[in-house]
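# Structural features, examined
Chain residues, written in single-letter form:
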Amino acid sequence: MKPAFALLTLGLAASLAAHAEETSTVEKCNKKLGVLAVAEPQGGWNYLSQYGLGSPAALLRMLVQQSGCFDVVERGQAMQNIQQERALAAAGEMRQESNIGKGQMQAADFVMTPNVQIGASNTGGLGGFLGGKLGIVGAIAGGLKFKEASTSLLLADVRSSIQVAGAEGKATKTDFSLGGIGFGGGAVGGLGGYTSTPEGKLIAASFLDNYNKIVLAVRDQDSLIRTGSAAGDTNAAASTKAEAPIPAGQMLAPKISNVKAYAGPSRDSKVVATLNRSDELVATGEVKDGFVKVDAANFSGWVQRTLVTPLR
């Protein structure tokens with residue numbers, strides 16, 4: 001390699017590494033917005049196993065921890081061990097002063113659900129070596145089994161189930177500035193392929209981009225709690241009220257004497273019968289506007305459902 005070309009290559013590597021170090025950090029919050037749990041998808045992460053990768057939940061929990069935006073509760077693999085310890089305590093196997101019992105576990109205010117999509121075609125690698133302080137450029141340059149990674153994160157309020165934030169992240173094999181996570185001090189140990197393989201680092205880069213967008217969207221809000229939706233409440237008020245069904249064939253009887261049966265589901269309709277408490281009625285299964293349609297020996301009509309009661 002000629003000296004000038006070597007200097008140019010090293011200069012490019014240093015520039016990329018410096019840019020990566022500057023941008024591959026987690027956005028911070030100056031206050032906690034609540035307690036968060038990271039959910040595992042129902043289908044699992046089996047499709048990532050071909051790349052030596054498992055669940056990214058530990059990676060995401062570490063991102064959340066580093067951001068300072070939320071306290072994180074364990075709802076992943078370690079939950080089984082937590083439950084085992086609590087079961088031993090409940091069985092009386094623990095020392096009495098251990099103080100493990102019911103009502104101690106912290107509830108999550110929010111659940112974060114991750115998803116990963118990868119461009120699975122093998123497009124070959126980027127030849128050569130570009131080193132850097134984060135140790136990420138050279139790994140990515142060695143060759144990738146997929147060309148890009150896209151991720152999504154959805155944040156939902158546990159109590160109301162309303163989604164309070166959502167964002168997408170993306171990284172490609174040339175996105176060196178998103179290729180690592182700036183925790184420093186070996187804090188990324190134990191994350192497996194997400195810190196040691198090109199494919200894992202690509203997905204980690206996408207999640208970093210993804211989570212930072214979530215933080216930018218929520219960190220200046222006083223509260224993320226969504227007790228309800230104003231639009232949903234308006235729509236509910238404007239909709240026809242859903243009424244509890246009465247099974248067809250249900251035997252009914254008037255609660256009081258002189259209950260009127262009408263031709264239609266309205267007190268303005270024609271009265272077709274006046275009922276006594278001893279009369280037996282059969283529900284047709286139709287309910288509308290607070291009335292139930294019934295059949296009797298000598299008529300068919302509608303009665304106010306608050307004035308009848310099931311016989312059995």
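Reading the values: the criteria
- Residues numbered from 1 in each chain as written.
- Predicted model: local features only at pLDDT ≥ 70, side-chain atom pairs only at ≥ 80, totals over all residues.
- Heavy atoms only, no water.
- Helix = DSSP H or I, 4+ residues; strand = E, 2+ residues; numbered from the N terminus.
- Buried < 20%, exposed > 50% of the residue type's maximum accessible area, 1.4 Å probe, protein only.
- Contact = heavy atoms within 4.5 Å.
- Areas by Shrake-Rupley, 256 points an atom, 1.4 Å probe, with all protein chains shown as cover.
- Axes fitted to C-alpha atoms, helices over the stretch in contact; angles between N-to-C directions.
- Parallel < 35°, antiparallel > 145°, perpendicular 65-115°, else oblique.
- Left-handed = near helix turned anticlockwise from the far one by under 90°.
- Nonpolar A, V, L, I, M, F, W, Y, C, P; charged D, E, K, R; others polar.
- Core = buried A, V, L, I, M, F, W, Y, C linked by side-chain atoms within 4.5 Å.
- Pairing = 2+ DSSP bridges.
- pLDDT = per-residue confidence, 0-100.
- Phe/Tyr/Trp six-rings, centres within 6.5 Å; stacked < 30°, edge-to-face > 60°.
- Polar contact = N/O pair within 3.5 Å; in protein donor to acceptor, adjacent residues only side chain to side chain.

## Let's talk about the overall build of the protein
When its secondary structure is counted, the protein shows seven helices and 12 strands. Across the 312 residues that make up the protein, the buried fraction comes to 36%. Across the protein, contacts joining residues at least 24 apart in sequence account for 72% of those joining residues at least 6 apart. For the protein, the accessible area works out to roughly 17300 Å², and carbon and sulfur atoms hold 51% of it.

## Considerations on the packing of helix α2 (residues 57-67) against helix α6 (residues 198-218)
Two quantities define a packed helix pair, namely the angle between the helix axes and the distance between the axes. The N-to-C vectors of α2 and α6 enclose an angle of 40 degrees; their axes lie 11 Å apart at closest approach. Put simply, α2 runs oblique to α6. Where α2 crosses over α6, the handedness of that crossing is right-handed. The segment α2 lies against α6, with Leu59, Leu60, Leu63, Val64 and Ser67 engaging Ala204, Phe207, Leu208, Tyr211 and Val215. Broken down by class, the residue content of the contact of α2 with α6 amounts to nine nonpolar, one polar and no charged.

## Quick notes on the nonpolar core
Phe70, Leu155, Ile203, Phe207 and Tyr211 are the most contacted members of the largest nonpolar core, which totals 38 residues. Counting only elements with at least two residues in this core, the list comes to β1 (35-38), α2, β3 (110-119), β4 (148-157), β5 (163-172) and α6. Ranked by residues supplied to this core, first place goes to α6 with 10 residues.

## Structural notes on the side chain of arginine 61
Within the element layout of this structure, arginine 61 appears in helix α2. With relative accessibility at 19%, the residue arginine 61 sits in the buried group. Apart from residues lying up to four places away in sequence, arginine 61 is in contact with Val38, Val72, Val73, Glu74 and Gly76.

## Here we look at the pairing of β1
The alternating pattern of β1 places Val35 and Ala37 and Leu36 and Val38 on opposite faces, both of which are buried. Pairing between β1 and strand β2 (residues 71-72): two bridges, direction parallel. Counterpart to leucine 36 in the pairing with β2 is valine 72.

## Structural notes on the confidence of the model for the protein
Within the protein, residue pLDDT values average 78, and 77% of them lie at 70 or more. Every residue in residues 182-189 is under pLDDT 50, and counting partners more than four places away or in other chains gives 11 contacts.

## Some points on the packing of aromatic side chains
Taken as a whole and assessed by the stated rule, the structure comprises three aromatic pairs. Ring geometry for phenylalanine 70 against phenylalanine 110: centres 6.0 Å apart, planes inclined by 70 degrees, an arrangement best described as edge-to-face. Here phenylalanine 110 lies in strand β3 and phenylalanine 70 lies in the loop between α2 and β2, a separation of 40 residues in the sequence. With respect to class, phenylalanine 70 is no different from phenylalanine 110; both count as buried. Here tyrosine 262 and phenylalanine 291 contribute two aromatic rings whose centre-to-centre distance is 6.1 Å and whose plane-to-plane angle is 80 degrees, an arrangement assigned as edge-to-face. With tyrosine 262 in strand β7 (residues 259-262) and phenylalanine 291 in strand β10 (residues 291-295), the pair connects residues that are 29 residues apart, well separated along the chain. Of the residues examined, tyrosine 262 reaches a relative accessible area of 6% and is grouped as buried. A residue is classified by how much of its surface remains accessible, and phenylalanine 291, at 6% relative accessible area, is buried.

## Some details on unusual backbone geometry
Of note, the phi angle at serine 161 is positive, near 70 degrees, even though the residue is not glycine. Relative accessible area serves as the criterion here: at 59%, serine 161 is assigned to the exposed category. The backbone of aspartate 289 sits at a positive phi, close to 50 degrees, despite the residue not being glycine. Examined against the element boundaries, aspartate 289 turns out to sit in the loop between β9 (281-288) and β10. Look at aspartate 289 and you get exposed, because its relative accessible area is 52%.

## With respect to the side chain of serine 206
In this fold, serine 206 is placed in helix α6. Looking at serine 206, its side chain comes within polar contact range of the main-chain oxygen of alanine 149, at 3.4 Å. When neighbours within four sequence positions are excluded, serine 206 is seen to be in contact with Ala149, Ser150, Thr151, Gly169, Lys170 and Ala171.

## Here's the deal with the pairing of β10
Here is the key point about a regular strand: its side chains alternate between the two faces of the sheet. For β9 and β10, the ladder comprises four bridges, and the chain directions are antiparallel. Across the sheet, the residue bridging to valine 282 is aspartate 295, located in β10. Here β10 runs beside strand β11 (residues 300-304); their pairing, made up of five bridges, is antiparallel. Residue pairing across strands places valine 292 opposite valine 303, the latter belonging to β11. What sits between the antiparallel neighbours β10 and β11 is a turn of four residues.

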